[in-house]
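# Working through the structure, step by step
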Amino acid sequence: MQNAIAVIDFGSQYTQLIVRRIRELGYFSRLYQPGELRETGKPPAVILSGGPRSTLEPDAPDIDFDYLRELNVPVLGVCYGMQLLNLKFGGGVKPGNTREYGPATLLPKDGSALFEGLTDRSQIWMSHSDTCQRPDSATILGENLDGIPVALQFDDRFFGIQFHPEVSHTDHGKRVLENFLGLAEDPPEFTIDSFKDELLAQTREQVAGRKVVCGVSGGVDSSVLAALLHEAGIDTRYIFVDTGLLRKNESAEVNELFKQVGIGIETIDASEKFLGALAGESDPEEKRRIIGRLFVEVFFDAVGDDVELLAQGTLYPDVIESATSGSIASTIKTHHNRVDRIMELKAEDRVIEPLHELFKDEVRELGRVLGLPEKVVGRHPFPGPGLAVRCPGEVTEEKLEIIRNADHVFIDLLHQRDWYDHVWQAYAALIPTKTVGVKGDERSYEFALSLRAVTSEDAMTAEWAHLPYELLGEISNRILNEVAGVNRVLYDISTKPPASIEWE
Ligand code: XMP
C-alpha cells in the first residue's frame, strides 16, 4: 500500500469522519496525532483537522510547520487547522465572543480549484469561536453572507476552510474534499477488493506459519475475521464461548452459520459459570468486570498452552480510541477486550488485529467480498457482556428469558417490516421493576420492558429511531401477548448523549 493521505487529529469530534469520507471517495487515508507528522512517510496530501482548543492558548496543539512545508504536498486546514495555518503564514487570530455553531452559507469566488463545480451559494457547517485575520498574501476563495472569508489559499499548496467538509450538513463537503485531493499527486486508491488481497498477504506474512486462536461470537467483526483467516489458509482454532448471556437460539445459529461457510468452531457452554458468578451482583461496572474476567478465564482454559497468536477483531475506531486514551469515551464503560491477559499477550507481540485499519461499514463490505451471508454482515452490533447490560440490576435466568423472548419478537418484526437494516441497533431491555396490570380479568404484577432502536453512524452519538406508531403498537401487542412475565412495554426516546446505547 502506498502512503496514506494523512489526516492530522487536533481533537475535533468529526476527525474520524474526514478519514471515512476520503475512503468513500476511493482513496486510502489514515489518522495521525500532530506529533506523528514525521511518521506519515511522504503522504500525497495532508489535512489538518478541526479541534476544540484555541490557537491562542499558550500550549495550543501545534504542528512541525517546517517539515510540513518540506513535504511539498497539498495541505488543507479545517477550522482549527485553518487558524493554525493562518498564524504560520503571518496572519492573526482573534478570540470570538461566542461560538459560531451550525449552518452558514458559502459564496465561492470564481475560479478556485477547491470549489470547482459548487453552486453559487450552498450550506456549510461551522463550529468555531476564534476568527482569522488573514495575512495579506492569502487569497480569499469564498465568503459567507456577511462578506467574511471562510476559505483562504495561503500559497500554491496551502488551503484553509473555516467549515467542516466532512459532515453531511455541508452540502458539497465531499466535492470540496474531492477537489482538494485532485491536487495531490498519485493519491493511493482504496477499494475493499484490492484491500482484501493485501490483507490476506499481510496476515499470512504476519502469522508466518504459527498457530492462531480466534474467538468468535457470531457478530460481524469476529465473523469477518474468521472468514479472512480461513481464506488465508491459516491454521486457526475458532472458539465460541456461550456465556448464557446470548440472544434466543444464538448458540445454535452461530454453529449453523460457521458450518455453512465451512469453518469448524469449538463451542464452550459456560452459561452456568457466568450466571453463578453474576449472582447477587447489581453494580454495572462490577458486572462488566466479572464477565470480562470470566470470559478470559474460560477462553484461555479452552486454549491451553496451544496458542502462539491470538487474533482479535479490533477495528479502526478502537485503535484511534486507545491511541487517544484519556478521552472520555474510553473511560465511560469497561470494555471487555482490554483485559490484562490480552494486554500481556499484546506486550509479547502475540496479538494480531488484521481488521485494525477498517471502519465498521468497510468490515461489512469485506465480509461480503469474502462470501459471508448478508444475515451476518448486516447484523446489528451486540455488546461483549451480552444481555447482562440489558438487564439492569441483578441478572437472573428468569429475567434473561424474558429479555430473550421479547427481543426475539422485536427483531423478528423489524425484519418483517423492513426496518432492521435501517437502524443501527435494536433490542429489548428489562426494567427491573414490577408494575401492576390486568391479564385475563386478573391482577398481574410483572416486569416492565423497554424497547430501544437507534440510528447512528459510529455509535459515538445516536438518535432514537422514529419507528412508525403502528409498528410500535404491533410489537408491543405481540410482546404483551406472547412473552410471559411482562405486562408493560415502553419505547426509549433518549438520544446519545446523554443516554448511552446500552442500559449499562
Ligand atoms: P454505548 O452503550 O456505550 O454503546 O452507547 C456503544 C456501542 O458499543 C457496544 N458496546 C460494547 N461492545 N463490548 C463490545 O464489544 C462492550 O463491552 C460493549 N459495551 C457496549 C454497544 O452495543 C453499542 O453498539
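The rules we used
Residues numbered from 1 in each chain as written. Predicted model: local features only at pLDDT ≥ 70, side-chain atom pairs only at ≥ 80, totals over all residues. Heavy atoms only, no water. Phe/Tyr/Trp six-rings, centres within 6.5 Å; stacked < 30°, edge-to-face > 60°. Helix = DSSP H or I, 4+ residues; strand = E, 2+ residues; numbered from the N terminus. Buried < 20%, exposed > 50% of the residue type's maximum accessible area, 1.4 Å probe, protein only. Pairing = 2+ DSSP bridges. Contact = heavy atoms within 4.5 Å. Axes fitted to C-alpha atoms, helices over the stretch in contact; angles between N-to-C directions. Salt bridge = Lys/Arg side-chain N within 4 Å of Asp/Glu carboxyl O. Polar contact = N/O pair within 3.5 Å; in protein donor to acceptor, adjacent residues only side chain to side chain. Expected span 1.5 Å × (residues − 1). Domains from an automatic or database assignment. Buried area = accessible area lost by both parts, 1.4 Å probe. Nonpolar A, V, L, I, M, F, W, Y, C, P; charged D, E, K, R; others polar.

### Some points on the packing of aromatic side chains
For the coordinates displayed, the defined rule picks out 15 aromatic pairs. An angle of 65° between the planes, with centres 5.7 Å apart, marks the rings of Phe65 and Phe158 as edge-to-face. Pair noted here: Phe65 is in helix H2 (residues 65-71) and Phe158 is in strand E11 (residues 158-161), with a separation of 93 residues, a long-range link. We note that Phe65, like Phe158, is buried. Both rings, one in Phe190 and one in Phe195, keep their centres 5.3 Å apart while their planes meet at 65°; by these two values the pair is edge-to-face. Per residue, the accessibility class of Phe190 equals that of Phe195, and both read buried. One aromatic cluster is present, built from ring pairs that chain together Phe65, Phe89, Phe154 and Phe158.

### Considerations on the sheet that holds strand E16 (residues 351-352)
Across the sheet, which stays open at both edges, the 5 strands sit in the order E14-E13-E12-E15-E16 with parallel pairing between neighbours. Every interior strand has two partners, whereas the edge strands, strand E14 (265-269) and E16, have only one. Bridge count for strand E12 (residues 212-215) against strand E13 (residues 236-242) is 4 bridges, and the pairing is parallel. By the bridge assignment, Val213 is partnered in E13 with Arg237. Its contacts with the sheet put helix H9 (residues 284-303) on E12, E13, E14 and strand E15 (309-311), and the angle it makes with E13 is roughly 140°.

### Quick look at the pattern of salt bridges
Considering all chains together, one arrives at 33 salt bridges under this definition. The partner of Arg21 in a salt bridge is Glu24, and the shortest N-O contact between them spans 3.1 Å. One end of the pair, Arg21, and the other, Glu24, are both in helix H1 (residues 15-24), 3 residues apart, so they sit about a helical turn from each other. Where Glu24 meets Lys174, a salt bridge forms, and the shortest distance between an N and an O atom there is 3.1 Å. Pair noted here: Glu24 is in helix H1 and Lys174 is in helix H4 (residues 173-181), with a separation of 150 residues, a long-range link. Of the residues examined, Lys174 reaches a relative accessible area of 37% and is grouped as partly exposed. Each member of the salt-bridge network shares a partner with another, and the members are Arg20, Arg21, Glu24, Lys174, Asp361 and Glu457.

### Looking at the side chain of Gln162
Tracing the backbone through its elements, the reader meets Gln162 in the loop between E11 and H4. Judged by its relative accessible area of 4%, Gln162 falls in the buried class. For Gln162, the side chain forms a polar contact with the side chain of Gln83, separated by 3.3 Å. The residues touching Gln162, leaving out its near neighbours within four places in the chain, are Cys79, Met82, Gln83, Met126, His128, Cys132 and Val150.

### Section: unusual backbone geometry
A cis amide bond links Lys496 to the next residue, Pro497, at an omega of -15°. Among the secondary structure elements, Pro497 is positioned in the segment after strand E20 (486-491). In this chain, Pro497 is followed by Pro498 through a cis amide linkage whose omega measures 10°. Structurally, Pro498 can be placed in the segment after E20. Despite not being glycine, Asn72 has its phi angle at roughly 60°, a positive value. Residue placement: Asn72 occurs in the loop between H2 and strand E4 (75-78).

### Side note on helix H6 (residues 220-231)
When the terminal C-alpha atoms of H6 are compared, their 16 Å separation across 12 residues agrees well with the 16 Å that a helix rising 1.5 Å per residue should span. In terms of burial, H6 is largely enclosed, as 10 of its 12 residues are buried. For H6, every residue scored as buried is listed here: Val220, Asp221, Ser222, Ser223, Val224, Leu225, Ala226, Ala227, Leu228 and Leu229. Among the residues trailing H6, Gly233 stands out with phi positive, at a value near 70°.

### Re the domain arrangement of the protein chain
On domain assignment, one finds that the protein chain holds domain 1 (5-181), domain 2 (192-377) and domain 3 (396-491). Of note, the centres of domain 1 and domain 2, computed from C-alpha atoms alone, are 37 Å apart. Opposite the 9 residues of domain 1 that make contact, domain 2 presents 10 residues. When the two sides are added together, the surface that domain 1 and domain 2 hide from each other amounts to roughly 850 Å², 50% of it contributed by carbon and sulfur. Broken down residue by residue, the surface that domain 1 buries against domain 2 is led by Gln16, Arg20 and Arg23, which jointly contribute 55%. Our enumeration of links across domain 1 and domain 2 arrives at 3 salt bridges. A salt bridge links Arg23 to Glu362; the nearest nitrogen and oxygen atoms lie 2.7 Å apart. Our count for the domain 1 to domain 2 interface comes out at 5 residue pairs in polar contact (both at pLDDT 80 or more). Only H1 and strand E2 (29-32) provide two or more residues apiece to the side of domain 1 that touches domain 2. With 4 residues, H1 is the single largest residue contributor to the side of domain 1 that touches domain 2. When grouped by side-chain class, the residues that make up the side of domain 1 that touches domain 2 number 3 nonpolar, 2 polar and 4 charged.

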